[in-house]
Amino acid sequence: MDTSPVSTLSELRTDSDRLWQSLMTLAELGATPKGGVNRQALTELDRQARDLFIQWCKAEGCTIRIDAIGNIFARRAGTDPDAPAVMTGSHIDTQPTGGKFDGCFGVMAGLEVLRSLNQHDIKTRCPVEVVVWTNEEGCRFAPCMMGSGVHTGQLSLHEMLAQKDTDGVTAGEALDAIGYRGSDEIPRENVRAFFESHIEQGPILEDEETTIGVVMGALGQRWFDLSLTGQEAHAGPTPMSLRQDAMLGAAEITVAVNRIAIEHAPHGRGTVGVMQVHPGSRNVIPGQVYMTIDLRSLEPDSLTAMVAELKEVVEAVSQRHRLAFELTPTADFVPEHFADNCVNAVRNAASQLGYSHLDIVSGAGHDAIFMGRIAPAGMIFVPCEGGISHNEIENAAPKDLHAGCNVLFHAMLDQAEIVS
Ligand SMILES: [Zn+2]
């Protein structure tokens, strides 16, 4: 009989209907009339979603651990107690007007991997673990990626527990209120691979008619606040040559931010997202502008060069229009290059399963980026309709989600070492 273990293994697939059903059941908790989900971090609805996840994982025989910031770790034992873990996970909190798939897909895909391992009675040398990270979205409690940030030592537990929502409730109090302030110590080392499957939240895969994004890394980010100060004056009597127009300076800088990003293609990004003009009167030359600048790139050198070019532009424009300026850095995230073993496992799985795929970078923040600082990490992207996310109309095709889950399954099998 031609049933060598390898060919049998390569034919294994996760269950598309079961994955879809678990996503839809989870989406009922906090469902909005427009078809989205409002299930913000550490609320009663978040508790219900966490309880459901734990109930599902216990049914698969997993051991549950909860750490001090409320991250949940569901572990399926391997045959070797000393073997490093092969992990996956994401988040189940949402934006106030969030969708059904952002984060939830990564967690439900992990659950589906656990179910498929059990269904096919597969033993692995390494333990397989699915994580729910606390407060990835950062909308109720800042900052975003709180749980993975604490776990990986990038954020302080003490400071995070003291973060307050708009009602003055701290994250620590909210954790207590829903019964998810755990005490399990989770060792950070001894992880062979961490995978996160996620909807792309951008338009590239759909535009390229491609099923799987093999995520190479994540763009680094440098954020700035910029204040420009000129002089308010009457729009009529003041000749053009004698103006100190802060708005004109802001406009030139905005155009330059766009140019700088384009010159650092393909991964350069430059955005001015906020502009406040003072005094905001139609017949007064603006004396003051406050604006924000967001620069991103994949290569550290390119990001550094972009920042240097921005500073030059701000100085030159301010001088030309006789403006005072204050350029203040507000965020600095280094670019992340994902580990070869994870990237290759994802790409090989996509190839072997016959899915179209392309190398892609993440422009947004994800828990996997923090995990990548302490362990080999990688991500799998699947298309979402119109590239739209953080919106109640967020949508993804069951067949694409199934493909992403299959790639996750085989990438994890590759790293976890099957014991026959
Ligand atoms: Zn997400």
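In this text, all values refer to a predicted model and were calculated from it rather than measured experimentally.

Chemist: So, the nonpolar core: which residues are in play, and what are the values?
Modeler: Residues L23, F53, M108, F195, I212, L401 and V407 are the most contacted members of the largest nonpolar core, which totals 95 residues. Among the elements that make up this core, the one with the highest residue count is helix 13 (residues 398-416) (10 residues). One finds F224, L303, L310 and V313 within the second-largest nonpolar core, a separate group that totals 23 residues.

Chemist: Mind laying out the coordination of the zinc ion, listing which residues take part and the relevant values?
Modeler: On the protein side, the zinc ion has H91 (NE2), D102 (OD) and H198 (NE2) as donor atoms, found 2.0 to 2.3 Å from it. Each donor residue of the zinc ion belongs to the same chain, with the gaps between them written as H-x10-D-x95-H. With D102 in the loop between strand 3 (85-90) and helix 4 (104-119) and H198 in strand 6 (residues 191-199), this residue pair connects regions lying 96 residues apart in the sequence. Pair check on accessibility: D102 and H198 agree, each one buried.

Chemist: Residues and numbers for the UniProt feature "domain: Peptidase M20 dimerisation" (unreviewed entry) in the chain, please.
Modeler: Per the UniProt entry, the sites bearing "domain: Peptidase M20 dimerisation" (unreviewed entry) are residues 220-318 in this numbering. Helix makes up 37% of residues 220-318 and strand 31%. Its end C-alpha atoms lie 27 Å apart.

Chemist: Give a detailed account of unusual backbone geometry, specifying residues and quantitative values.
Modeler: Cis geometry is found at the peptide bond from A142 to P143, where omega equals -5°. Along the chain, P143 falls in the loop between strand 5 (128-132) and helix 5 (146-151). The backbone of M145 shows a phi angle near 55°, a positive value even though the residue is not glycine. Looking at where M145 falls in the secondary structure, it is placed in the loop between strand 5 and helix 5. Backbone geometry places R322, a non-glycine residue, at a positive phi of 55°. In this fold, R322 is placed in the loop between helix 10 (300-320) and strand 14 (324-333).

Chemist: Lay out the packing of helix 2 (residues 16-27) against helix 4 in plain terms, naming residues and giving numbers.
Modeler: Between helix 2 and helix 4, whose axes approach to 9 Å, the crossing angle comes to 135°. As judged from the angle between their axes, helix 2 and helix 4 are oblique. Here the hand of the crossing between helix 2 and helix 4 comes out right-handed. For the pair helix 2 and helix 4, the contacting residues are R18, L19, S22, L23 and L26 in the first and C104, F105, M108, A109, L111, E112, R115, S116 and Q119 in the second. A breakdown of the residues in the contact of helix 2 with helix 4 according to their chemical character gives 8 nonpolar, 3 polar and 3 charged.

Chemist: Describe in detail the packing of aromatic side chains, supporting the description with residues and values.
Modeler: Enumeration over the complete set of coordinates arrives at 4 aromatic pairs. Plain terms: the ring middles of F73 and W133 are 5.8 Å apart, the flat faces sit at 85° to each other, and that makes the pair edge-to-face. On the criterion of sequence distance, the pair formed by F73 in strand 2 (residues 72-76) and W133 in the loop between strand 5 and helix 5 is long-range, its members being 60 residues apart. For F73, a relative accessible area of 0% gives the class buried. A connected cluster of aromatic rings, assembled from ring pairs, spans F73, W133 and F194. Over the aromatic face of Y180 sits the side chain of R50, whose NZ or CZ is 4.9 Å from the ring centroid.

Chemist: Break down the packing of helix 3 (residues 44-59) against helix 4 for me, with residues and values.
Modeler: In contact at an axis separation of 10 Å, helix 3 and helix 4 are set at 15° when each is read in the N-to-C sense. Regarding the angle of helix 3 to helix 4, the classification is roughly parallel. Like other packed secondary-structure pairs, helix 3 and helix 4 cross with a definite hand, here left-handed. On the side of helix 3, the interface is formed by F53, W56 and C57, while helix 4 contributes V107, M108, L111, L114 and R115.

Criteria and cut-off values
- Residues numbered from 1 in each chain as written.
- Predicted model: local features only at pLDDT ≥ 70, side-chain atom pairs only at ≥ 80, totals over all residues.
- Heavy atoms only, no water.
- Core = buried A, V, L, I, M, F, W, Y, C linked by side-chain atoms within 4.5 Å.
- Buried < 20%, exposed > 50% of the residue type's maximum accessible area, 1.4 Å probe, protein only.
- Helix = DSSP H or I, 4+ residues; strand = E, 2+ residues; numbered from the N terminus.
- Donors = N, O, S within 2.8 Å, 3.2 Å for Na, K, Ca; no water.
- UniProt positions renumbered as here; feature names shortened; annotations may be inferred.
- Axes fitted to C-alpha atoms, helices over the stretch in contact; angles between N-to-C directions.
- Parallel < 35°, antiparallel > 145°, perpendicular 65-115°, else oblique.
- Left-handed = near helix turned anticlockwise from the far one by under 90°.
- Contact = heavy atoms within 4.5 Å.
- Nonpolar A, V, L, I, M, F, W, Y, C, P; charged D, E, K, R; others polar.
- Phe/Tyr/Trp six-rings, centres within 6.5 Å; stacked < 30°, edge-to-face > 60°.
- Lys NZ or Arg CZ within 6 Å of the ring centre and 35° of its normal.

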